[in-house]
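# Observations on chain architecture
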Amino acid sequence: MKARHVRDLLLVAAVVAIAVAAVVPSRAPDREPVAADRGDAPKEEPPEPPAQEARGAPTPAVTAFPIAAGATWVYHVEGPEELVPSDRWTLEVRALPEGDAPGEVAVGFGAERSSHPFWIEGGAVRLAALPFVEPLELSGPKPGAIEGFLVPPRRGLGDGAAWSQSFARSGEHEMTDAKGRTERVAVRGTQIDRALAGELADVTVPAGTFPARRIDWTARVELFVGKRPVLDPLTAKPFRTEILWVSEGVGIVRRRVEHAIPDETVVTFDLVSYTVPPPAGGI
């Protein structure tokens, strides 16, 4: 009787166990690693922080050649004696532009120097201190208003780049009247120089060999006597063509200037030496 009772208890226990197993879900199997967990799969990069607004003094734009206070370039010059008083021509940077005030350069043949303003705007250099840029008969007076630039910023000095520089001109011009008489009359007007950048090549001058960008210039002038335009050979076609070679980090290494009026005249400038102080305070 006792054995039968034990057997009944075991049967009841078995039935209860089966019922519990049917109600309670089995334990989920371990999760299979996903791709992001495997070492051979790329991990998601954290998002980049939002861009911060630049603060403090702006980084100065870089010019195509070094402009620093105290920088000096000396050139050997060849040309007609009546135009070239010395075989040495010098360009010195005496002061940098500050605020709205222009900088100052001093230029001249031999020991003589004359001062000229210059500006740096976005890395472009506006300067009217190079000799033999204007018509030869108007070489005395300094130009009035200057617009455009002589050399663009470094990023703009590539093959095929084009730009211009213009000057307000005044002086005396020799004209011939209807009866063949000549007279000198007061004139005013505008000179426009157009530039086209060309190839980059090695240029050898007394100062050394430099990789330099060729720049071809063509200059025309419009003149007026009062309100009447001057129509003669000087204003009818380009009066000057020029090849300028600029080397980044060095400056102008060579110039070849050719004037067609009054006679065909060629003047050349080759760099002999240059001194560029450290860029602190320069651009």
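This write-up is about the structure you can find in this document. Residue positions are counted from 1 within each chain, in the order its sequence is given. Owing to the predicted nature of the model, reporting of local features is limited to residues with pLDDT of at least 70; listing and counting of side-chain atom pairs is limited to 80 or more, with chain, interface and lining totals taken over all residues. With hydrogens and water excluded, all non-hydrogen atoms of the structure serve as input to the side-chain values.

### A look at the environment of Thr176
Labels follow the DSSP assignment, with helices taken as runs of H or I lasting at least four residues and strands as runs of E lasting at least two, numbered in each case from the N terminus. Residue position: Thr176 is located in strand β7 (residues 162-176). The buried label goes to any residue with under 20% of its type's maximum accessible area, the exposed label to any with over 50%, and the partly exposed label to all in between, with areas taken from a 1.4 Å probe on protein chains only. Given the relative accessible area of 53%, Thr176 is considered exposed. As a C-alpha pair, Thr176 and Asp232 span 56 residues in sequence and 8.8 Å in three-dimensional space. Here a residue-residue contact requires only that any non-hydrogen atoms of the pair lie within 4.5 Å. Setting aside chain neighbours within four positions, we find Thr176 in contact with Arg181 and Thr182.

### Details of the pattern of salt bridges
We define a salt bridge as a side-chain nitrogen of Lys or Arg found within 4 Å of a carboxyl oxygen belonging to Asp or Glu. Applying the stated rule across the entire model yields 12 salt bridges. The residue Arg240 makes a salt bridge to Glu242 at a minimum N-O spacing of 3.1 Å. Accessibility assignment for this pair places Arg240 and Glu242 in one class, buried. We note a salt bridge from Glu258 to Arg256, for which the minimum N-O separation is 3.1 Å. Here the salt bridges do not stand alone but share partners, grouping Asp193, Arg240, Glu242 and Arg255 into one network.

### Some remarks on the packing of aromatic side chains
For any two aromatic rings, the description comes down to two numbers: the centre-to-centre distance and the angle of the planes. Ring geometry is summarised as follows: Phe, Tyr and Trp rings, the Trp one being its six-membered ring, pair when their centres sit within 6.5 Å, and such pairs are stacked at plane angles under 30 degrees, edge-to-face over 60 and tilted between the two. By the definition in use, this model includes seven aromatic pairs. Look at Tyr75 and Trp89: their rings are 5.9 Å apart centre to centre, the planes differ by 45°, and that puts the pair in the tilted class. In this pair, Tyr75 is assigned in strand β1 (residues 72-78) and Trp89 in strand β2 (residues 88-95), connecting sequence segments 14 residues apart. We classify Trp89 as buried; its relative accessible area is 4%. Pairing Phe132 with Phe269 gives two aromatic rings, centres 6.3 Å apart and planes at 50°, and the pair type is tilted. Here the residue Phe132 occupies a position in the loop between β5 (124-127) and β6 (146-148), and Phe269 occupies one in strand β13 (residues 265-275), the gap between them amounting to 137 residues. Considered together, Phe132 and Phe269 belong to a single accessibility category, that of buried residues.

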